[in-house]
Every structure is written in structure tokens, then in C-alpha cells.
Amino acid sequence: MYLHGTSKRNEHGQLSIGGVEAVELAKQFGTPLYVYDEQLLRDNCRAYIHAFQQSGMKFQVTYASKAFCTMAMCKLVEQEGLGLDVVSGGELHTAVQAGFPVERIHFHGNNKSLEEISYALDIGIGTFIVDNFYELQVLEHLAAEKEKSCHVMLRITPGVEAHTHEYITTGQEDSKFGFDLGSGAVRKAIDLALKKDHLQLIGLHMHIGSQIFETTGFQIAIERVADVYREVLNTHNLELPVVNLGGGLGIRYTSEDTPLKIEHFVSTLTDVIQQEFSARNLHYPEIWLEPGRSIVATAGTTLYTVGSRKEIPGVRTYLAVDGGMSDNLRPALYQAKYEATIANRMNQPHDEVVSIAGKCCESGDMLIWDIPLPKTEPGDILAVSCTGAYHYSMANNYNRIARPAVVFVKDGRGEIVVRRESAEDIVRCDRIPDSLRA
Ligand SMILES: Cc1ncc(COP(=O)(O)O)c(C=O)c1O
Ligand SMILES: N[C@@H](CCCC[NH3+])C(=O)O
């Protein structure tokens, strides 16, 4: 298993993260357990900030909280000086509860409810990323009613398909998100937005996909966006001050993945912006970026306890762990691949090929197929790396399995940031109706 950040194999052949042995974390907090390397979270935030500072361009890095949204993460992001992107009232509430400065929060979503929009206006949220004509109308109406004004960006689909899994591409025109460029919806939305008294249009937003390994898609999308900025200047005598390029930078889950370094990714984007905007005699806009996965994915490791084993001679050996698709949906959703190790046997030869099964009642509940591991026994601790993005945030209670705890580790110490759900939590919202009590 490739070791990211502070993860290492120590002198006892044990996996340690943030200076704490994984088996100790498992003992102290139980399994399954989401472990986050706090230093690596911070280093990833800093890499983005540093890369932009090097470019000399105006920028805002906004962490896409959908990747991993907890109060602790919001706090850390605030401390590192990033903004925060939220897509629901729940993420917004988490940020507000963590004391995140509202003016640095950007509100996304293709179907924000009236209550969500109202709440966001009341607290004075930084920017609304408006997704469709209905939202444009509702937002203007509610802002007028409240006698407030707000910054808006329009989310556009620039017609660029990122090279990634088809279910997580969002930049192509046949998408539920945003105003599409090809049909003229973008121009129409800009004209409309500029007529709204309570909305201040500051720019366009795009997001062409996730887990992207190259910048060609961004290059093409930026060219198209720059054309629109030029048109807006021609027709409205207005230079939109900001461009939001979304998130999408990929990470290394396994040796098959070839991610770009954050520094390289940012410097390529800033170069392309400079080139395309100056070619059209436009001032450089402020660049906003919304990384999610590339900030949190490699900082997360999930620890499981190994339980039952099923050997099918000549076919395969299944090794079952105490979690599964309830804490990691990505293999079932995207056929995502992972690396893993036995945290308490790292020095032993990895000479047995096994497949890691979850405990959910679903044949597709497989975490990893055919991975070489040391010979295991029940009670061993399996560590799966790169589980920091879209794992906790997509965790669920299938089979009424309680969601795992989340700990941050740093300098030899682990601390709970989300406690493990209890059996009580599982039935918390249940009620036996009066009609069944008779
Ligand atoms: C609008 C938007 N911004 C940012 C992100 C974060 O993307 P990633 O986690 O790939 O950086 C997403 C998710 O794909 C998104 O939909
Ligand atoms: N949830 C996806 C990414 C979705 C990106 C959100 N727009 C994943 O795990 O890879």
C-alpha cells in the first residue's frame, strides 16, 4: 500500500498515521474507523494556496465540502484560509455551527429549496452559484422580499467531457447541472441576471468532472468561457471580475492512477487563463477553484477488523470485514479500486491473494478484488488508504449499520471529530404509529 502524508511502516512493522499506530487507534476508537491525517489535510490546503501565490494572480480556493463535511473539517479549512463550498442546507448548517465565516461560503446545488435560499440570504452567504432559470427567479424574488442583495455566479456546462468515470462527469451538455453553452442558455441567463435588481453577477462557474488527470478539458473550457466574457464586454460593457473553474483534480488511489501535482495543476490553469484572457484583450479575472477530493482523499484511511473467511478452492478467497458499502460506496457505484494492507503485519510477505468483502446483504458489497495481503487471522486490522473523499460523506445506514466514527490524528494523538453512531441513533427518528399500538 502506497503511504501518503505521515503514514508509515514503523520499526515494528506496524502502520502508523500521524505518529499513532493503527492498531492503537482501532483499540481506542473501535472499527470501522475513518482516520484523517491532519497534517496532510493542512499540507494539501497549503499546496493550493502556495501555488496560487506563486502565480501572482488574484484567487480564492474554496474547499468543496461535499467530499468530507464535518465541523472539524470546516474549522481546519477556515484556519488554512480557504473558502467553503456547500450544496445543501445540511452542509451549510455544519459550516455555520463550526463558526465558518459566512462571507467565505459559496452555495451550490441544482435544486436549492426556498428554505435553503432564504436561510442563506438571512445569514448573508458570500455567493450563490445559480444553476438554472427557476433559481434565478426565486433568488431575485426572495432577495427583493428581504431587501437584500447578493453575489451570484452562473454555473455553465461548457460542453467539455472530462476523461473520467461516466457517472461523475458534469461538464458535458447532457447534464442535470447548469446553463448549457451550446443552446444559448448561458447568454440568456447572463442577460436575465444583469436585469435583476438584487443580484450582482460576478462571473461564470464551471465544473467539468472529478478525478481528472490532465488539463486539456480545462483548457478547452477556459477558451469557451473567455469567449463569453468577451461577448459580455461587447454587449454589456462589463468585465466580469471572477471565473470559477470548479474542482476535479484527481488523486492516486492505486498505481494505475497518474495524478498531476497540485502546483502543476494550478500553474497550468493560471497560465491558460492569462493566455486566453489577454488574447481577447480582457483583464485577468480573479480565479476561484473548488477542490474537494485532492484536499481530503489521500489524508483518509479506513480501518476495519477482519472477521470471517470463505475459501472457494480454485476460485477465490473472500475475507470479510466489519464495514463495507455502508462506509464506502465507491466500489459499488464506480468500480473504484483501492490499495490496502494489514496494519499489524506490514513486514510479513504479501503472498496470499484475497478479495475483501463487506458485511452488507448485497453480493456487490465488495471493497477490493484480488489483492495480495499477508496471511490474516480474525481480529487483524485491515487498513484501506485514500478513503478521505466521498466516503464518510456518502456513508449510509444500509442494513441499519451504524456509521463509523471519524478521528483526526496528529503528533502521536488521535481525537474524535465525529462519534460513532449508536444503536440508539439508528432508531432515533423511528416511531411506531398509534394505529399499530392498539
Ligand atoms: C460544483 C463542484 N465543485 C467542486 C467539486 C469537487 O470536485 P473534486 O472533489 O473532484 O475536486 C464538485 C464535485 O465533483 C462539484 O460538483
Ligand atoms: N462522489 C464522487 C464524486 C462526485 C463529485 C461531486 N460532484 C466520487 O466519489 O468520486
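Scroll up a little and you will see the structure.
Residues numbered from 1 in each chain as written. Chains lettered and ligands numbered in written order. Predicted model: local features only at pLDDT ≥ 70, side-chain atom pairs only at ≥ 80, totals over all residues. Heavy atoms only, no water.

## Some words on the overall build of the protein chain
In terms of helices and strands, the protein chain carries 13 helices and 21 strands. For the protein chain, the C-alpha atoms occupy an extent of roughly 70 × 65 × 40 Å along the three principal directions. Long-range contacts, defined as pairs at least 24 residues apart, comprise 69% of the intrachain contacts of the protein chain with a sequence gap of at least 6. Carbon and sulfur atoms make up 48% of the accessible area of the protein chain, which totals about 18800 Å². (Helix = DSSP H or I, 4+ residues; strand = E, 2+ residues; numbered from the N terminus. Contact = heavy atoms within 4.5 Å. Areas by Shrake-Rupley, 256 points an atom, 1.4 Å probe, with all protein chains shown as cover.)

## Comments concerning the nonpolar core
The biggest cluster of nonpolar side chains holds 113 residues, and the ones touching the most others in it are Tyr63, Phe128, Leu154, Val296, Ile356 and Leu382. Counting residues per element, this core draws most heavily on helix 8 (residues 216-236), at 9 residues. The next biggest cluster of nonpolar side chains, apart from the first, holds 18 residues, and it includes Val23, Phe29, Leu303 and Val409. (Core = buried A, V, L, I, M, F, W, Y, C linked by side-chain atoms within 4.5 Å. Buried < 20%, exposed > 50% of the residue type's maximum accessible area, 1.4 Å probe, protein only.)

## As for the site of ligand 2
Taken together, 7 residues sit near ligand 2, with Arg293, Arg330, Tyr334, Tyr390 and Met394 positioned nearest. Arginine 330 is positioned with one of its side-chain polar atoms (N or O) 2.6 Å from an oxygen atom of ligand 2. Taking tyrosine 334, its side chain carries an N or O atom lying 2.9 Å from a nitrogen atom of ligand 2. When isolated, ligand 2 has an accessible area of 310 Å², and the protein chains bury 84% of it. Taken together, the residues of the shell around ligand 2 break down into 4 nonpolar, no polar and 3 charged. (Near = heavy atom within 4 Å. Polar contact = N/O pair within 3.5 Å; in protein donor to acceptor, adjacent residues only side chain to side chain. Nonpolar A, V, L, I, M, F, W, Y, C, P; charged D, E, K, R; others polar.)

## Some words on helix 9 (residues 262-279)
One full turn of an α-helix is made of 3.6 residues, so residues set three or four places apart face in the same direction. Compared with the 26 Å implied by 1.5 Å per residue over 18 residues, the 26 Å span of helix 9 between its first and last C-alpha is a close match. Residues Ile262, Phe265, Val266, Thr268, Leu269, Thr270, Val272, Ile273, Glu276 and Phe277 constitute the buried set of helix 9. As for helix 9, its buried residues are in contact with helix 2 (38-55), helix 8, strand 12 (242-244), strand 13 (286-289) and helix 10 (293-296). Following helix 9 by one or two positions, asparagine 281 adopts a phi angle in the positive range, close to 55 degrees. (Expected span 1.5 Å × (residues − 1).)

## Let's talk about the packing of helix 4 (residues 89-97) against helix 5 (residues 114-123)
For the pair helix 4 and helix 5, the least separation of the axes is 10 Å and the interaxial angle reads 25 degrees. Regarding the angle of helix 4 to helix 5, the classification is roughly parallel. Regarding helix 4 and helix 5, the two cross each other, and that crossing is left-handed. Residues Gly89, Leu92, His93 and Val96 of helix 4 form the contact with helix 5, whose own contacting residues are Glu116, Tyr119, Ala120 and Ile123. Class assignment of the residues belonging to the contact of helix 4 with helix 5 gives a composition of 5 nonpolar, 2 polar and 1 charged. (Axes fitted to C-alpha atoms, helices over the stretch in contact; angles between N-to-C directions. Parallel < 35°, antiparallel > 145°, perpendicular 65-115°, else oblique. Left-handed = near helix turned anticlockwise from the far one by under 90°.)

## What about the sheet that holds strand 2 (residues 15-17)?
The 3 strands are arranged 1-2-3 in an open sheet whose pairing can be described as antiparallel. One side of each edge strand has no neighbouring strand; the edge strands of this open sheet are strand 1 (8-9) and strand 3 (20-21). As paired strands, strand 1 and strand 2 are joined by 2 bridges and run antiparallel to one another. Bridge assignment links arginine 9 to a residue of strand 2, and that residue is leucine 15. (Pairing = 2+ DSSP bridges.)

## Remarks on the site of ligand 1
Close to ligand 1 lie 15 residues; His207, Ser210, Glu290, Arg293 and Tyr390 are nearest. Between an oxygen atom of ligand 1 and a side-chain N or O atom of histidine 207, the distance comes to 2.7 Å. One of the side-chain nitrogen or oxygen atoms of tyrosine 390 is found 2.6 Å away from an oxygen atom of ligand 1. In isolation ligand 1 offers 390 Å² of accessible surface; the protein chains occlude 92% of this area. Looking at the shell around ligand 1 residue by residue, the class counts come to 3 nonpolar, 7 polar and 5 charged.

## Comments concerning the packing of helix 7 (residues 185-195) against helix 8
Running from N to C, helix 7 and helix 8 cross one another at 45 degrees; their axes reach a closest spacing of 12 Å. Between helix 7 and helix 8, the angle falls in the class oblique. Like other packed secondary-structure pairs, helix 7 and helix 8 cross with a definite hand, here right-handed. On helix 8, the residues touching Val186, Arg187, Ile190, Asp191 and Leu194 of helix 7 are Val228, Glu231, Val232 and His236.

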